[in-house]
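# Secondary and tertiary structure notes
Take a look at the letters that make up each chain.
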Amino acid sequence: MGVGLTRKSGAGGRSTVRDVAARAGVSASTVSRVLGGEYPVSAATRTRVLRAVRELDYVADARARAVAGAGTPTLAFVLEDITGPSFAHMAYGVEREAARLGHLSLVCSTDGDVRRELEFIEMMRAQRAAAVILVGGAADTPEYRERTRRVADSLAAAGSRLVLCGRPPLGPGAPVTVIEYDNEGGAYALVAHVLAQGHRRVLFLGGKPDHTTAMGRQRGYLAAHRARGVEPDPALLLHGDFTRDSGHRLMRQALARGLEFSAVIAATDMVAAGALTALHEAGLAVPGDVSLAGYDDIPFARDLRPALTTVHVPYEELGRLAVRTALGHGGESADEHLLLGTHVVVRDSVAAYGGH
């Protein structure tokens, strides 16, 4: 059975899935397959259908969806990389809280493809998803703000809600919920802890230079140095991404260049894991020769040898809170901004500077 679509016109007219099919040049059943997400269709066909839905400003008829067996209210969780451990914990929080509140949660991994992200959001808008939760940092550009504001307005018009988790906020007045953790503050506290052990040349293995999460952690690194009257050496700031392979590669590069440092701050625990392997491969002991700290406090951080000093981020609670606030905004259009705390978890990978 096709999923009915409606549009309110000036005359109070009513249309069906066939109008979208005609605009997209496909069959009504193909439109239903695209919007239902249950059967494979080509990327080109999906794009045409979603463009037609967007141009006609159609949304799914809730009664038709119920008849079609799609009556369970839905939440969408959109992230760049589903294999990231921190994102997996946030997804778990979203799924558990959504289930507790009687909602179905759908996950889309975009691999950083903006077009794929927008297509999925459009599909969720057409299906009247209760909320769309976008997770992870992004490049905070005028284009990002304009694009995301359009998404927020479109979802709000369909009775849905956009939630940004760790994404840059859009500014006052946007119909969006922003949920963040103290990203920069966590990095500041971690670097302050390392500096308090006497380290002064601290290598920073960061993420992409235009990525808001990465830059927040770098700002915390810089601020902690300056608060102690230490001007950090720009040569000690290296950029890659948030993966284990990036940490391994950047650490090998630092060692090959002969950079002098006694401690390493990795932008994530995964980066720290790669750096730890590279240090061991170079015959350097942690923390005997080099201290090392990460960020995120994902479960395996405590199982590394030595156990990793890091920053705890409440990812599962972020996911649960995103669901609760999205479903509890009561139709209000005003922006909402919530901040969760972070804290340093001291383990065995950072030692006092020994003058080596």
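Values in this document were obtained by computation on a predicted structure and should not be read as measured data.

Conventions we followed
Residues numbered from 1 in each chain as written. Predicted model: local features only at pLDDT ≥ 70, side-chain atom pairs only at ≥ 80, totals over all residues. Heavy atoms only, no water. Helix = DSSP H or I, 4+ residues; strand = E, 2+ residues; numbered from the N terminus. Buried < 20%, exposed > 50% of the residue type's maximum accessible area, 1.4 Å probe, protein only. Contact = heavy atoms within 4.5 Å. Areas by Shrake-Rupley, 256 points an atom, 1.4 Å probe, with all protein chains shown as cover. Core = buried A, V, L, I, M, F, W, Y, C linked by side-chain atoms within 4.5 Å. Pairing = 2+ DSSP bridges. Axes fitted to C-alpha atoms, helices over the stretch in contact; angles between N-to-C directions. pLDDT = per-residue confidence, 0-100. Parallel < 35°, antiparallel > 145°, perpendicular 65-115°, else oblique. Left-handed = near helix turned anticlockwise from the far one by under 90°. Nonpolar A, V, L, I, M, F, W, Y, C, P; charged D, E, K, R; others polar. Salt bridge = Lys/Arg side-chain N within 4 Å of Asp/Glu carboxyl O.

Turning our attention to the overall build of the chain. Counting its secondary structure elements, the chain contains 12 helices and 14 strands. When each of the 356 residues of the chain is scored for burial, the buried share is 52%. Excluding contacts between residues fewer than 6 apart, the proportion of contacts in the chain whose partners are at least 24 apart in sequence is 75%. If you sum the accessible surface of the chain, you get close to 15,600 Å²; carbon and sulfur atoms cover 51% of it.

With 63 residues, the main nonpolar core has Ile133, Leu203, Leu205 and Met251 as its most contacted residues. Discounting residues that sit within four places of it in the chain, Ile133 has contacts with Ala76, Phe77, Val78, Val94, Val163, Cys165, Ala322 and Val323. Listed in part, the 36 residues of the second largest apolar core include Val17, Ala24, Val41 and Val49.

One open sheet holds the 6 strands; their spatial order is 4-3-5-6-7-13, and the pairing between them is parallel. Each of the sheet's edge strands pairs with one partner strand only, and the pair in question is strand 4 (104-109) and strand 13 (336-340). The mean inter-strand angle of the sheet, taken between neighbouring strand axes irrespective of direction, is 15°. Relative to strand 4, strand 3 (residues 74-79) is paired through 6 bridges, and the arrangement is parallel. Opposite Thr74, over in strand 4, you have Leu104 as the bridge partner.

Before going further, it helps to spend a moment on the confidence of the model for the chain. Looking at the chain as a whole, its pLDDT mean stands at 86, while 87% of the residues score no less than 70. pLDDT under 50 marks residues 1-13. Its contacts with residues more than four places away, or in other chains, come to 32 contacts. Every residue in residues 62-70 is under pLDDT 50, and counting partners more than four places away or in other chains gives 14 contacts.

Packing of helix 8 (residues 183-196) against helix 9 (residues 212-227) leaves a shortest axis separation of 7 Å and a crossing angle of 40°. It follows from the interaxial angle that helix 8 and helix 9 lie oblique. Where helix 8 crosses over helix 9, the two elements pack in a sense that is right-handed. Within the contact between the two elements, helix 8 uses Asn183, Glu184, Ala187, Tyr188, Val191, Ala192 and Leu195 and helix 9 uses Thr212, Thr213, Gly216, Arg217, Arg219, Gly220, Tyr221, Ala223, Ala224, His225 and Ala227. Taken together, the residues of the contact of helix 8 with helix 9 break down into 9 nonpolar, 6 polar and 3 charged.

If you walk through the whole model with that rule in mind, you get 17 salt bridges. For the salt bridge of Arg96 with Glu95, the shortest nitrogen-to-oxygen distance reads 2.8 Å. Its relative accessible area of 35% is what places Arg96 among the partly exposed residues. Taking the shortest distance from any N to any O, the salt bridge between Asp153 and Arg149 comes out at 3.3 Å.

The next subject is unusual backbone geometry. Across the junction of Val286 and Pro287, the peptide omega takes the value 5°, indicating a cis bond. Considering the arrangement of structural elements, one finds Pro287 in the loop between helix 11 (269-281) and strand 11 (291-293). Across the junction of Arg305 and Pro306, the peptide omega takes the value 5°, indicating a cis bond. As for its position among the elements, Pro306 is in the loop between strand 11 and strand 12 (310-312). A positive phi is found at Asp296, a non-glycine position, where the angle reads about 125°. Within the element layout of this structure, Asp296 appears in the loop between strand 11 and strand 12.

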